[in-house]
Amino acid sequence: MFWEPARWCSHNSRCDQHSIMFTSPGSLREEMEMPVTEIEELDRADEALAITKRYAAYAGGAAFIPIPVVDLAAVAALQLKLVKDLSDLYDVKFSTNAGKASITALLSTIVPVGAGVTAASFLKAVPILGTALGVVTAPVFAAAATYAVGRTFTMHFESGGTMLTFDAEKMREFFKSEYDTATKSRSSSSSSSSAKAS
C-alpha cells in the first residue's frame, strides 16, 4: 500500500515544510531535506572561500610587479577590496577606515614576515639579482597573507560579526594559523613546480 504524505504528516510532528517522504510498496523511506537557511549558509561560505582564493591569486600576481612600493600598494588595495566583497556577501556595512585598521592589525601578527615582504619589494630596485629575489619571495607571502585575511573575516562574519565589532587581538591566532597553512601549501606547490620543470 502507498502512504499518502499529507495523511502521514498530519499524524507526525516531524513533518514540516523542509521534509519529504518517499514511499514504495512494502517499505517506507523518509528523507529529511536540509533547511533552506542552512543551505544558503553553506553556499555563502563556499562563495566566500572562492572569493578569498581569487583575491589571494590576484595578490600573488600583484607581487610580481617589478616596481618597488607599487607592488605593496597593489596588494594592500586587493586585501581591502577582498574585505569589502566579503562584507557585501554577508550584508555587513563596510567601512574603509575600519577595514584598513583591522587588516593592519592582523598583518602585525606576522611582522617579521611583513618586513620581509617589504624588503623583497625594495630588492626589486637592485638590478637583475635584486629583482629576481624580490619576485621569488614576495608572491608567496602576499598570497598567503591575503588568503589568511579573507579566511579570518569570513569566520568573523559567519559568527554574526560586523566591521565595528572586529577584534584583531582575538583573531590573531586564527589568522596566524591560516597564514602558516597557506604559506606551506604555496611553498610546496612552488617546489613541486620547480622540480617538474627541472
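Scroll up to find the structure this text is about.
Residues numbered from 1 in each chain as written. Predicted model: local features only at pLDDT ≥ 70, side-chain atom pairs only at ≥ 80, totals over all residues. Heavy atoms only, no water.

### Considerations on the packing of aromatic side chains
- Following the criterion strictly, the structure yields 4 aromatic pairs and no others.
- Aromatic pair Tyr55 and Tyr58: ring centres 5.6 Å apart, planes at 75°, arrangement edge-to-face. Residue Tyr55 and its partner Tyr58 are located together in helix H2 (residues 36–62), separated by 3 residues, close to a single helical turn.
- Tyr55 sits in the buried class, given a relative accessible area of 7%.
- Centre to centre, the rings of Tyr90 and Phe157 are 5.9 Å apart; their planes meet at 40°, and the pair counts as tilted. Of this pair, Tyr90 sits in the loop between helix H3 (70–89) and helix H4 (96–107) while Phe157 is found in helix H6 (residues 129–158), placing the two residues 67 residues apart along the sequence. Like Tyr90, the residue Phe157 is buried in the burial classification.
- Site record: aromatic cluster; members linked through ring pairs are Tyr90, Phe153, Phe157 and Phe166. (Phe/Tyr/Trp six-rings, centres within 6.5 Å; stacked < 30°, edge-to-face > 60°. Helix = DSSP H or I, 4+ residues; strand = E, 2+ residues; numbered from the N terminus. Buried < 20%, exposed > 50% of the residue type's maximum accessible area, 1.4 Å probe, protein only.)

### Regarding the side chain of Glu178
- Summarising the element assignment, Glu178 is placed in helix H7 (residues 168–197).
- What makes Glu178 buried here is its relative accessible area of 15%.
- Residues contacting Glu178, with those up to four places away along its chain left out, are Tyr147, Ala148 and Arg151. (Contact = heavy atoms within 4.5 Å.)

### A closer look at the packing of H3 against H4
- Contact geometry of H3 with H4 gives a least axis separation of 10 Å together with a crossing angle of 115°. Between H3 and H4 lies a crossing whose hand is right-handed. On H4, the residues touching Gln79, Leu80 and Val83 of H3 are Thr96, Gly99, Lys100, Ile103 and Leu107.
- Its residues assigned to classes, the contact of H3 with H4 comprises 4 nonpolar, 3 polar and 1 charged. (Axes fitted to C-alpha atoms, helices over the stretch in contact; angles between N-to-C directions. Left-handed = near helix turned anticlockwise from the far one by under 90°. Nonpolar A, V, L, I, M, F, W, Y, C, P; charged D, E, K, R; others polar.)

### Quick look at the pattern of salt bridges
- Under the counting rule described, the total for this entry stands at 5 salt bridges.
- Here Glu169 ties to Arg172 by a salt bridge, and the two come within 3.2 Å at their closest N and O atoms. Separated by 3 residues within a single helix, Glu169 and Arg172 lie in helix H7, roughly one turn from each other.
- Residue Glu169 is classed as exposed on the basis of its relative accessible area of 55%.
- Of the residues examined, Arg172 reaches a relative accessible area of 23% and is grouped as partly exposed. (Salt bridge = Lys/Arg side-chain N within 4 Å of Asp/Glu carboxyl O.)

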